[in-house]
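Each chain, written out:
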Amino acid sequence: MASSEMLAFSSSSIRDSAEFDVDLLLSDRLKVFKTSQFDQKAYITSKCLNMTEKEIKHLFSYLIDLKKASAEEMRKSVYANYSAFIRTSKEISDLEGELLAMRNLLSSQAALVHGLAEGVGVDSPLSADSYGSTKEDTSEVALAEPTDTEKWLINFVDNLDVLLAERRVDESLEALEEAERTLKEGDNGQPLSPNAALFLQDAITERRMKLADQLAHVASQAYTSGVELRSAIEALKKLGDGPHAHKLLLNSHRHSLIENIRAISPSSVSYGGAFTAALAHQYFSVIAQAANDSLMVFGDEPAYASELVTWAVKETEALAVMVKRHVLATSAASGGLRLASECVQTCLGHCSLLEARGLALSPILLKLFRPCIEEALTNNLKRIEHSCSAMVVVDDWTLVHPPPGVRPLGANASSLGSAIASQLKLSTSAHRFNSMVQEFFEEVGPLEMLQLGGSTLEGLLQVFNSYINLLINALPGTTMETDQDNLGGSVQKTVRMAETESQQLALLANASMLADELLPRGAMKLAPSHQAGRILETPGRAADRQNRFPEHRDWKRKLQRAVDRLRDSFCRQHALELIFNEDGEIRLTAETYTSIGLNNKNEADWFPSPLFQVVFTKLTQIASIAMDMFVGRERFATVLLMRLTETVMLWLSEDQTFWGEIEGGQTPLTSLGLQQFYLDMEFVIFFSSQGRYLSRHLHQVIKNIIARAVDASAAATGIDPYSVLPEDQWFVEVSQIAMKMLTGEAYFGNIVRDVTSPTASVLSHGSN
C-alpha cells in the first residue's frame with residue numbers, strides 16, 4: 001500500500017514539476033542533477049514543501065527500499081561479472097607494462113632521430129664510438145680530453161655494473177633513479193647532448209633489464225626467504241614492472257606450497273581428518289602469507305587485489321579437489337557423515353581466518369564440497385533405513401526403556417530432554433531408529449552453513465515414512481505395496497507381526513513418540529541458534545523453538561500425516577474385526593431391526609445390539625491398554641478411540657445393502673425396530689461421551705444415521721416415529737445400565753421387575 005501511495009505521489013510530483021515535464025527525455029530530466037550549482041537540500045525542500053508528514057514518511061520508506069534494492073542489484077552485477085572484471089584488470093595491467101616499454105623505446109628513437117637531424121659531431125668519444133666516424137676523425141678525437149659529462153657517463157656505467165655484479169639492489173635502484181633524473185634534467189642544469197642522452201638511455205635500459213632478470217631469478221628460487229622475496233618483488237615494482245612482479249610473487253608462494261604438501265600424503269596419516277587438517281593448514285597458511293605480501297608491496301590496488309583473489313580461488317579449488325579425492329569420496333560412498341562433517345568444518349575454520357583479510361573463500365569450498373556431503377547424507381539415510389528394516393524382523397513390539405549407554409535425545413540433551421528420556425519407552429526397532437537419527441542430527445548440525453536443512457529434513461521424512469510402512473506391515477491383514485523406498489533402496493517387507501492389541505498399540509506408541517517429541521527435538525539441532533549456543537530450556541521455550549521455523553512446522557505436520565496413515569490402518573483393521581465375525585459374516589444386518597415386533601410387539605429385550613456391545617468392549621479394552629501406554633500423551637489415545645468409532649459408524653452410514661433393506665425392503669422398519677436402532681445409536685453416543693472421545697464429526701454422523709432411519713420408519717408405517725418413541729432420558733438410562741453390566745460394575749438380580757422401566761428391559765435381556 002505504501003508503494004502504491006509513493007508511486008502516486010511521485011507521479012503527481014513529476015506532473016507538477018516544470019523540469020520533469022512528460023515531453024522531456026531522460027537525459028534532459030537529469031540535467032538538473034548535473035549542474036555545478038545543484039543544491040540537494042534546496043531541491044528536496046522544494047519538492048516536499050507541500051507534502052504532509054505521512055507522505056514524507058512514505059517517501060523516506062520508498063527511498064530506503066530503493067537504496068536496498070540498488071545495493072542488491074549492484075552486488076548481483078558484481079558477482080555476475082566478476083570474472084570479466086578480473087580479466088579486464090589483468091589486461092589493463094599488461095597494457096600498462098607494454099606502454100612503459102613503448103615509452104622507453106620511443107624515447108630512445110626520439111633521441112636517435114634528434115641526433116641524426118642535427119648531424120653527428122666528432123668532438124666526443126661517445127659519438128665516435130657510437131656512430132662510426134672515419135679513422136682520421138677517430139685518431140684526432142683520441143687525443144682530445146674527455147669532458148666532465150663524458151667522464152660522469154663512463155664512471156656511472158662502471159659503478160652500475162659493479163653494483164649489479166655485487167647484487168646491491170637498493171644502491172642499483174638509486175643509481176638508476178639518479179641517471180633517469182640526469183637524463184631528464186641534465187648535468188648541473190645543462191641538458192645533455194643528443195649523443196650523451198642516447199648513450200645514457202641505452203645504458204639505463206640495458207642495466208634495468210639486467211637488474212630485473214636478477215630480481216626475477218631471486219624470486220623464483222625455492223630457498224629465498226620471505227624478506228628477500230618481498231624485497232625483490234618491491235624492487236621489480238620500482239623498476240616499473242608491477243604486473244610481472246605480482247605474478248612472480250604468487251608463483252613463488254605456489255612453488256612453496258607444492259614443496260610443503262609433498263611431505264603430506266594420505267598414506268602418511270592414518271585418519272582422513274588429520275590429512276585434511278594438515279592439508280588445509282598448508283594451503284591457507286600460504287594463501288594468508290601471499291595476501292600479506294601482496295598488501296605490503298602493492299597495497300590495495302584493485303588490479304593486484306583481483307589477481308590475488310583469482311589465485312586464491314584456484315588454490316582453494318585445488319585443496320577441495322584433493323580433499324574430495326582422498327577423503328570425502330570414500331567417506332561419502334560409505335555414508336561416513338561424521339568424517340565428512342569434520343573435514344568440512346576444518347576447512348571452513350581456516351577460511352574464516354582469512355575473511356579479515358578480505359578473502360571470502362568459504363562459498364568456493366561449500367560449492368565444491370556440497371555434492372559429496374549430499375551423497376554422504378543420502379547413504380547415511382539409506383543405512384538408517386536398512387538397519388531398521390532388519391530390526392523389525394526380530395522386534396517383539398514390547399515397549400522398554402532405552403538400553404544402557406544410549407541417549408535418546410543425543411549427547412547434548414537439555415535437562416528437559418533428560419526428563420523426557422527417563423520416561424521414554426519404545427520397542428527395540430524404534431530405539432534403534434531414534435538413536436541413529438539423533439546421531440545423524442548431531443553430525444549434520446555443524447554443517448548448517450551448507451544450508452542442507454531442507455534436503456536433510458526431506459530425506460529424514462522419507463526414511464520415517466519407510467519405517468511407518470514397516471509398522472503398517474506389522475499389522476495383521478495389512479501390506480504396503482511398495483517395491484522400492486523413496487531413497488532408491490529396497491524395502492524389507494518381512495516383519496514380525498503384532499498379534500495382540502498391546503503389540504499393535506505399541507506400533508502407534510513408537511510412531512507418535514517419534515513424530516511428536518523425538519524427531520522434532522532432534523531437528524532443532526539443525527537450527528543456527530542451536531549451533532550458536534545451547535541454553536537451559538523450559539517446556540514452553542522448547543515448544544516455542546520447535547514452532548519458530550516455518551520449515552520445521554511444515555515438516556512436523558508431514559510427520560503427523562505419516563502417523564495418521566498408521567492410525568488409519570489400525571482403525572480399518574479393527575473396524576473390520578468388529579463388523580465381521582470369525583466366519584466372515586456381517587454382525588449387523590437390516591434383519592436385526594426389521595424382525596423386531598413381528599411375533600410379539602410387547603416383549604422386546606431392550607439392550608444394545610451385539611455389534612455395539614462388541615464395539616464397546618473393544619474400545620474399553622483399547623482404552624485400558626492405551627491409558628498405561630500413552631502416559632502424558634492422552635490426547636493421542638483419545639483421537640485413536642475417536643477415529644476407530646468413526647470408522648465403524650461411517651461404514652454403517654455407507655452400507656448400501658443395509659439401507660436398501662431398511663428403506664425399500666419387503667419387511668418395513670416398525671416402531672419397535674426403530675426404537676432398538678435408536679437405542680444402539682444413543683448407546684454409542686453415551687459411551688463415547690463418557691470416554692471423552694465423542695467428536696463433533698462422530699456426533700453428526702450418528703445424528704444423520706438416526707434421521708435416515710426415522711425417515712425410513714415414517715415412510716413405511718405412516719406414523720410419526722417420535723410419537724411412539726420413549727423420551728431421550730429412557731435411552732440414556734438404558735445405555736448407562738447396559739454400560740455398567742458390560743463392564744461388570746452392576747448387578748440387578750434382586751430388583752423387582754417393572755416392565756415399563758429401563759431396568760426391567762435390561763433384566764429381561766439378561767435373564768434371556
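Anything mentioned here points back to the structure above.
As the structure is a prediction and not an experimental result, all values here were calculated from the model. (Residues numbered from 1 in each chain as written. Predicted model: local features only at pLDDT ≥ 70, side-chain atom pairs only at ≥ 80, totals over all residues. Heavy atoms only, no water.)

*Asks:* I keep staring at the overall build of the protein chain and nothing clicks. Help me out?
*Replies:* Broken down by element type, the protein chain carries 33 helices and 0 strands. Taken across its 768 residues, the protein chain has 42% of its residues classed as buried. Considering only contacts in the protein chain between residues 6 or more positions apart, those separated by 24 or more positions represent 76%. Split by element, the accessible area of the protein chain, about 40,900 Å² in all, is 54% carbon and sulfur. (Helix = DSSP H or I, 4+ residues; strand = E, 2+ residues; numbered from the N terminus. Buried < 20%, exposed > 50% of the residue type's maximum accessible area, 1.4 Å probe, protein only. Contact = heavy atoms within 4.5 Å. Areas by Shrake-Rupley, 256 points an atom, 1.4 Å probe, with all protein chains shown as cover.)

*Asks:* How should I be thinking about unusual backbone geometry in this particular structure?
*Replies:* For residues other than glycine, phi is negative in most cases, and the peptide bonds are mostly trans. You will see that W397, though not glycine, has its phi angle at about 55°, which is positive. Structurally, W397 is set in the loop between α17 (362-391) and α18 (415-422). A positive phi angle, near 65°, is found at R692, a position not held by glycine. Tracing the sequence through the fold places R692 in the loop between α29 (671-690) and α30 (696-717).

*Asks:* Explain α29 here, please?
*Replies:* One turn of an α-helix holds 3.6 residues; hence residues three or four places apart share an orientation. Between its first and last C-alpha, α29 extends 28 Å over 20 residues, near the 28 Å set by a 1.5 Å rise per residue. The buried count for α29 comes to 17 of 20 residues, which makes it a mostly enclosed element. Downstream of α29 by a residue or two, R692 has a phi angle that is positive, lying close to 65°. (Expected span 1.5 Å × (residues − 1).)

*Asks:* Can you walk me through the pattern of salt bridges in this structure?
*Replies:* Should the charged atoms of two oppositely charged side chains come close, the side chains can pair. Enumeration according to the criterion identifies 15 salt bridges in this entry. Notably, a salt bridge pairs K525 with E442, separated by 3.5 Å at the nearest N-O pair. With a gap of 83 residues between them, K525 in the loop between α21 (501-523) and α22 (528-532) and E442 in helix α19 (residues 428-444) connect regions that are remote in the sequence. What makes K525 buried here is its relative accessible area of 7%. Two residues, E501 and K618, come together in a salt bridge whose shortest N-O distance is 2.5 Å. Of this pair, E501 sits in helix α21 while K618 sits in helix α26 (residues 610-629), and the two are 117 residues apart along the sequence. One exposure class covers both E501 and K618, and it is buried. Members of the salt-bridge network, linked through shared partners, are E458, D554, R557 and K558. (Salt bridge = Lys/Arg side-chain N within 4 Å of Asp/Glu carboxyl O.)

*Asks:* What am I meant to see in the environment of E661 here?
*Replies:* With respect to the helices and strands, the residue E661 is situated in helix α28 (residues 656-664). The exposure class of E661 is partly exposed, given its relative accessible area of 39%. Between the C-alpha atom of E661 and that of E591, which follows or precedes it by 70 residues, the distance is 8.3 Å. Setting aside anything within four residues of it in sequence, one finds E661 in contact with A590, E591 and T667.

*Asks:* How should the environment of R587 be read in this particular structure?
*Replies:* With respect to the helices, strands and loops of the structure, R587 is situated in the loop between α24 (550-579) and α25 (591-594). Residue classification places R587 among the partly exposed positions, given a relative accessible area of 33%. Along the chain, R587 and P610 lie 23 residues apart, while their C-alpha atoms are 7.5 Å from each other. Among all residues touching R587, those that are not within four sequence positions of it are E577, L578, I579, F580, N581, L611 and V614. A polar side-chain atom of R587 sits 2.8 Å from the main-chain carbonyl oxygen of L578. (Polar contact = N/O pair within 3.5 Å; in protein donor to acceptor, adjacent residues only side chain to side chain.)

*Asks:* Help me understand the nonpolar core, please; the structure alone is not making it clear to me.
*Replies:* When a protein is soluble and globular, its nonpolar side chains tend to lie buried together. The biggest cluster of nonpolar side chains holds 148 residues, and the ones touching the most others in it are F433, F464, F612 and M649. In terms of residues, this core owes the most to one element, α21, which gives 12 residues. The contact partners of F612, leaving out residues within four places of it in the chain, are L588, Y593, M649, L652, D680, M681, F683, V684 and F687. Core analysis: the second largest hydrophobic core is formed by 31 residues, V157, A179, L248 and Y304 among them. (Core = buried A, V, L, I, M, F, W, Y, C linked by side-chain atoms within 4.5 Å.)

*Asks:* So what exactly am I meant to see when it comes to a negative patch on the surface here?
*Replies:* Among the surface-exposed residues, D170, E174, E177 and E234 lie close enough to one another that they form a single negatively charged patch. The leading source of residues in the negative patch is helix α10 (residues 169-185), at 3 residues. (Patch = residues over 30% accessible without salt bridge, like charges linked within 9 Å, V, L, I, M, F, W, Y side chains within 5 Å. Lys, Arg positive; Asp, Glu negative; His and termini not counted. Charge placed at Lys NZ, Arg CZ, Asp CG, Glu CD.)

*Asks:* I would appreciate a short explanation of the side chain of T645 in the present structure.
*Replies:* Residue position: T645 is located in helix α27 (residues 634-654). Here T645 falls in the buried class, since its relative accessible area comes to 2%.

*Asks:* So what exactly am I meant to see when it comes to the packing of aromatic side chains here?
*Replies:* Given two aromatic rings, one states the distance between the centres and the angle between the planes to describe the pair. Across all of its chains, the model carries 16 aromatic pairs by this definition. Measuring from centroid to centroid gives 5.0 Å for F683 and F687, while their planes differ by 70°, and the two rings are edge-to-face. Here F683 and its partner F687 are both found in helix α29, 4 residues apart, which amounts to about one turn of the helix. For the residue pair F683 and F687, the accessibility class agrees, reading buried in each case. Connected via pairs of aromatic rings, a cluster forms that spans Y593, F658, W659 and F677. (Phe/Tyr/Trp six-rings, centres within 6.5 Å; stacked < 30°, edge-to-face > 60°.)

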